[in-house]
Each structure stands twice: as C-alpha cells, then as structure tokens.
Amino acid sequence: MTTAILGGGLSGLTLARLLNEQGDDVVILEAEQEYGGLCRSHQEQGFTFDTGGSHIIFSPDADVLAFMRRMIEGNEQRTVRNTKIFYKGGLVKYPFENGLADLQPEDRFFCINEFIRTLVAVQKGDLAPPSNFHEWIYYTFGKGIAECYMVPYNEKIWKYKTEKMSLHWVEGRIPRPPVEDVIKAAIGIPTDGYTHQALFSYPLKGGIESLVRAIAAPLHQRIRTGFYVRSVRKTGKLWLIGDGKETVIADRCICTIPVQHLLSSLENIPAPVQQACDALVCNSLVCVTIGVRGTVPPLSWLYIPEPSLGRANRISFPSNYSPLTAPKGCGSILAEITHQPHDEVSRMTDQDLIDQVTNTLEAMAIISKDRIIFAQVIRQPFAYVVYDLDYQKNMRVVNDYCRSIGIPLVGRFAQFEYLNMDGCIRSAMDFIKTSS
Ligand SMILES: Cc1cc2nc3c(=O)[nH]c(=O)nc-3n(C[C@H](O)[C@H](O)[C@H](O)COP(=O)(O)OP(=O)(O)OC[C@H]3O[C@@H](n4cnc5c(N)ncnc54)[C@H](O)[C@@H]3O)c2cc1C
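Rules of the game
Residues numbered from 1 in each chain as written. Predicted model: local features only at pLDDT ≥ 70, side-chain atom pairs only at ≥ 80, totals over all residues. Heavy atoms only, no water. Helix = DSSP H or I, 4+ residues; strand = E, 2+ residues; numbered from the N terminus. Rg over C-alpha atoms; globule rule 2.2 N^0.38 Å. Buried < 20%, exposed > 50% of the residue type's maximum accessible area, 1.4 Å probe, protein only. Areas by Shrake-Rupley, 256 points an atom, 1.4 Å probe, with all protein chains shown as cover. Polar contact = N/O pair within 3.5 Å; in protein donor to acceptor, adjacent residues only side chain to side chain. Pairing = 2+ DSSP bridges. Near = heavy atom within 4 Å. Nonpolar A, V, L, I, M, F, W, Y, C, P; charged D, E, K, R; others polar. Right-handed = clockwise from strand over helix to strand, strands pointing away. Arc of directions from axis to C-beta. Contact = heavy atoms within 4.5 Å. Axes fitted to C-alpha atoms, helices over the stretch in contact; angles between N-to-C directions. Parallel < 35°, antiparallel > 145°, perpendicular 65-115°, else oblique. Phe/Tyr/Trp six-rings, centres within 6.5 Å; stacked < 30°, edge-to-face > 60°. Lys NZ or Arg CZ within 6 Å of the ring centre and 35° of its normal. Patch = residues over 30% accessible without salt bridge, like charges linked within 9 Å, V, L, I, M, F, W, Y side chains within 5 Å. Salt bridge = Lys/Arg side-chain N within 4 Å of Asp/Glu carboxyl O.

A. Main features of the overall build of the protein. When its secondary structure is counted, the protein shows 12 helices and 18 strands. Against the 2.2 N^0.38 benchmark of 22 Å for 436 residues, the protein shows a C-alpha radius of gyration of 22 Å, consistent with a compact globule. Along the first, second and third principal axes, the C-alpha set of the protein runs to 70 × 55 × 40 Å. For the protein, the residues scored as buried account for 56% of the 436 residues in total. Accessible area for the protein stands at about 18600 Å²; split by element, carbon and sulfur atoms hold 51% of it.

Listed below in structure tokens is the structure:
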C-alpha cells in the first residue's frame, strides 16, 4: 500500500514518519526545493532565522510535547518566557491581564474597574452571551482590557474586524486567567498566565527547522521536492497525482497542502464547494529579519498593538532563544507583519518594509540603525487562518466534499484550522490511530 502525502511541511512529515514506522510505503510530494513549510530556518552571516515567523516549542499536550522534545534531544535550549506588550511607550507583562500592575494608574483603574463591572453584570444575567469575537472580548475582559489591548492587537494581527470574527476557537487559544489572578495583577501581586508556554524549548542549533529535519531523518528517500501538485484524480482504486511533468501513482492520498491548492487540482468540483472554499479567509506574512551588532533587549518577544507604531504586530528576539542563533557579540530581531493576500503590503518593496520596521525599532528605542549588519524580507503566502463568521459553515461544506471523495485533510491549511505545531502533530497522530 503506497500512501502519497501532499505537502512536506511539519504535518506531512510527521504523518509520513508515523506511517513509515508502522511499515507503510509513503511518498511525500513537496512543491518547494526544501521541505519544512512554515517550519524552515535560514542561515545568513552566522545568524539563524525561522522563515515562517518566530517559532517556539511548547504544548499543553504532554505526548506531543514529549515527541517534539525527543526529536531535538541533545539540541535543546530551554528558556523562561519573558514576553511583553509595548503599550504607551512602556512594557507591560504578557498576557496583558497579568500585567495590569505595569499600567499607569488611570489605565489600571479603567481595566480592573471594567473587568469587575463586567463580571458582576455577567453573573446577574444583565449581559447577553457573546455572538462574535468582539462581543466575547468585552464579555470576558470588560471594556478596559478590550480597548487598551485585546481589540487593537487582535485587529492588527488578524487584519479583520473582531465583530466579523467567529468566537468558536477562542477557548484554549486566548489566555483567560482566573479572576483572582487579574485582581492580584492589578494590585501588584505577580501572577503568570498561559503557563504551559511559560517555559519553552528551542533548538540550540539550526532554528526550528532542526525539528522537522529530525522528524524527516528516516524519510529522505521518500521525499520528492520540487513537485508542485497540480492534478489529483482517481482511476479505479488508484490515485494519480501530477505536477504537469510526471504522475505519481498511489493507493491512498492524504492532503496537508492548503485546501485551496487541493481543490484547484481536482476536476468537476460542485459549484457550492468551490464557492465555500473561495470564501475561506487567510492572512499572509512578511518577516523582516535583522542581524545587529551588540545586544538586544532580554525579551523573548514583544507584541505591538498600537497602529501608530507601524505595521509589525510582533517582534521577536531569536538570539535570546538560543545563543547559537547569532554570532558572538551580536543579537537578532524578527519582525512579523500579517497582511491580506493581495493588499498594499504585498505590493510594498522589501526596502520599504525594512525601513518601516527599522523606524519602528528606533522609535521604540530597541536599536539604532547604525548597529544593523543586515536586514532581509521573507514572505509567506499562507500564514494564519482567519475565523470569519461564515468559517464553520464553509468548512463544513469543504470537509464533507473531501471526505466524500476519500481525501483526508491533515494540518494547518488542509484542515484550515489555527493549529500550532503541537496541533499539527496531534492531528497526524490521531489520523494514524483512527485509520489503522
Ligand atoms: C508567524 C507564525 C508563528 C508561529 N509560531 C509558532 C510557534 O511558536 N509554535 C508553534 O507550535 N507553532 C507556531 N506556528 C504554527 C506552525 O508554523 C504551523 O502549525 C506548522 O508549521 C504547520 O505545518 P503544516 O505542515 O500543516 O503546514 P505548512 O508548513 O504550510 O506546510 C505545507 C507544505 O505544503 C507545501 N505545498 C503547498 N502547496 C503545495 C502544492 N500544490 N504541491 C506540493 N506541495 C505544496 C508547502 O510548500 C509546505 O511545505 C506559527 C505560525 C506562524 C505563521
């Protein structure tokens, strides 16, 4: 039995490894010349940067975390998270609700007062349950935390009005500390939130790509790079998968490439299915990687909700994840800018993007431009799934269709879910369990 896996990112490679371990014959079809997808890393002048945005290894899923840590055994650096939000010129501890003590008194009062008023209103039944993400933010955190941080930050990263986003995904994905912790935070008793991420791992050498390389180690003969899947058809019991030059024949076909790419490879798709797929929303990403002489602030990463500080929504400091990601005496910075696929950011030149980011970094007093050794731009067309209000309805149609033709969907853009690496590995593990 030969299984063709479309896509050689983390999901495709994990699936292939698990199938290979149980004795199945697999072939991974990957469009790029290198496998790894969003989990690739790039070396430049002694610096290592993750090309799909800054990655760290963490998970509340013990089995998956153990799997990831086993893969990088002997090459693991563990770090205590030191993450902040840049707010009104100062640094506020992340998550914001755990950092209220860092706010000026007026903002602190606004946040805690509205938080408690909202709690009371919810308990008295005076507030209708939320029906979209925007309402959920106000209902959960109150107007203060909503307006100081949650709404501006979320609209900056999602590039979507929070009123137009669904709320089905927030549980477990958005930190939601106990009430006592928020009150403690406001009066200055330290509390930590999102604790399963408070200590994270990162490969000492090689960036996040070391993780996918370790997963792929037993599979090298099975990976076909430079194979852009353009056609997928079934003849009798066999799948014929082509890239326009060659056809691979398999007994089973599993998709980990974006579902949009899968559908454009299929024939005779019913119009409602195509319409549902076309209506799915995702964000692209620009990464600006910067190598600097001297040190960077001792932070893991920094969220930037304020629109006035430019387009970057997050700035990470990879040289603080592992000292081996930068030459001695140097530091590294990775700025992330999310954007919609064909918007003005996609038309900006690399130099304009670099100038914008370096201006922001100077305005925030993080670096002075004369310390920059090099800066580069890396673009990712598929970065984030956006859960708009029609998402669940549309994905139901797409899922039902893919199920009906016998192509399982596994991974971030195949399932079209906001999955981190742990979620992708969990999906692959669950697929193996249910299919064997
Ligand atoms: C900014 C950012 C930061 C992140 N940070 C973290 C983090 O800190 N921790 C964490 O756990 N997760 C993080 N993630 C999530 C993580 O990157 C993803 O969950 C994971 O990489 C998804 O893997 P995948 O294989 O499902 O998809 P992808 O990585 O997108 O892989 C899909 C593969 O399919 C290939 N492909 C596409 N079309 C075709 C085609 N037609 N034919 C053949 N091949 C094709 C692509 O080239 C790619 O290699 C982050 C993501 C982003 C965007």
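B. Representation of the side chain of Ser319. Take Ser319: it is sitting in the loop between β16 (314-316) and β17 (330-339). For Ser319, a relative accessible area of 13% corresponds to the buried category. Only 2.9 Å separates the side chain of Ser319 from the backbone nitrogen of Ser332, close enough to count as a polar contact.

C. Just the sheet that holds strand β1 (residues 2-6), in detail. The four strands are arranged β9-β2-β1-β13 in an open sheet whose pairing can be described as parallel. In the strand order of this sheet, the two ends are held by β9 (223-224) and β13 (252-255), each with one partner. Pairing between β1 and strand β2 (residues 25-29): five bridges, direction parallel. The partner of Leu6 across the bridge, within β2, is Leu29.

D. Main features of the site of the ligand. Among the 36 residues in the neighbourhood of the ligand, the closest are listed as Ser11, Glu30, His55, Ile56 and Leu419. At 2.6 Å from an oxygen atom of the ligand is found a side-chain nitrogen or oxygen belonging to Glu30. Interatomic distance of 2.9 Å between a side-chain N/O atom of His261 and a nitrogen atom of the ligand. Calculation on the ligand without its partners gives an accessible area of 1000 Å², and the protein chains cover 94% of this total. Residue assignment for the shell around the ligand shows that the elements contributing at least two residues are α1 (10-21), β18 (372-386) and α12 (421-435). Across the shell around the ligand, the residue classes tally to 19 nonpolar, 13 polar and four charged.

E. Local environment of the pairing of β1. Within β1, five of the five residues are buried, which leaves it mostly tucked inside the rest of the structure. Burial along β1 is two-sided: Thr2, Ala4 and Leu6 facing one way and Thr3 and Ile5 facing the other are all buried. Taken together, β1, α1 and β2 form a β-α-β motif whose crossover is right-handed. Inspection of the sheet shows β1 paired to β13 by four bridges, in the parallel sense. Across the sheet, the residue bridging to Ile5 is Ile254, located in β13.

F. Representation of helix α8 (residues 271-278) within the structure. All of the buried residues along α8 are Val273, Ala276 and Cys277. Along the long axis of α8, the arc covered by the buried residues comes to 100 degrees, so they all point the same way. Turned more than 90 degrees off the buried face of α8, the exposed positions are Pro272, Gln275 and Asp278.

G. Geometry of the side chain of Asn394. By the secondary structure assignment, Asn394 is in helix α11 (residues 391-405). Not counting the four nearest positions on each side in its chain, Asn394 is found in contact with Ala276, Ala279 and Leu280.

H. View of the packing of helix α2 (residues 62-71) against helix α6 (residues 209-216). In contact at an axis separation of 8 Å, α2 and α6 are set at 90 degrees when each is read in the N-to-C sense. It follows that α2 is roughly perpendicular to α6 by the angle criterion. Of the residues in α6, those touching α2 at Phe67, Met68 and Met71 are Leu211, Ala214 and Ile215.

I. Spatial organisation of the packing of aromatic side chains. Applying the stated criterion across every chain yields a total of 24 aromatic pairs. Ring pairing ties together the aromatic residues Phe133, Trp136, Phe141, Trp158, Trp169, Tyr384, Tyr387, Tyr391 and Tyr418, which thus form one cluster. The positively charged end of Arg173 is found above the aromatic ring belonging to Tyr418, 3.7 Å away from the centroid. If you follow Arg314 out to its NZ or CZ, it ends over the ring of Trp301, 5.5 Å from the centre.

J. Main features of the sheet that holds β18. Pairing within the open sheet is mixed, and its seven strands lie in the order β7-β6-β15-β16-β17-β14-β18. Each edge of the open sheet carries a strand with a single partner, namely β7 (90-93) and β18. Recorded for the sheet is a direction-independent mean angle of 25 degrees between the axes of neighbouring strands. Looking at chain direction, β16 and β17 are connected through three bridges and run antiparallel. Counted as the bridge partner of Ser316 is Leu334 from β17.

K. Representation of a nonpolar patch on the surface. Among the surface-exposed residues, Ile116, Val120, Ile183, Ile187 and Ile189 lie close enough to one another that they form a single nonpolar patch of about 420 Å² accessible area. Looking at where Ile183 falls in the secondary structure, it is placed in helix α5 (residues 179-187). We classify Ile183 as partly exposed; its relative accessible area is 33%.

L. How the structure looks around unusual backbone geometry. Following Tyr94, the chain continues into Pro95 via a peptide bond in cis, with omega recorded as -10 degrees. Positioned with a positive phi, Gln45 is a non-glycine residue whose angle comes to about 50 degrees. Considering the arrangement of structural elements, one finds Gln45 in the loop between β3 (41-44) and β4 (47-50). Phi at Ala365 is positive, roughly 60 degrees, even though this residue is not glycine. Relative to the helices and strands, Ala365 is located in the loop between α10 (350-363) and β18.

M. Examining the pattern of salt bridges more closely. Applying the stated criterion across every chain yields a total of 24 salt bridges. The salt bridge involving Arg426 is made with Asp61; its shortest N-O contact spans 2.8 Å. Here Asp61 lies in the loop between β4 and α2 and Arg426 lies in helix α12, a separation of 365 residues in the sequence. Ionic contacts of the salt-bridge type, sharing partners, join the residues Asp61, Asp63, Arg426, Asp430 and Lys433 into one network.

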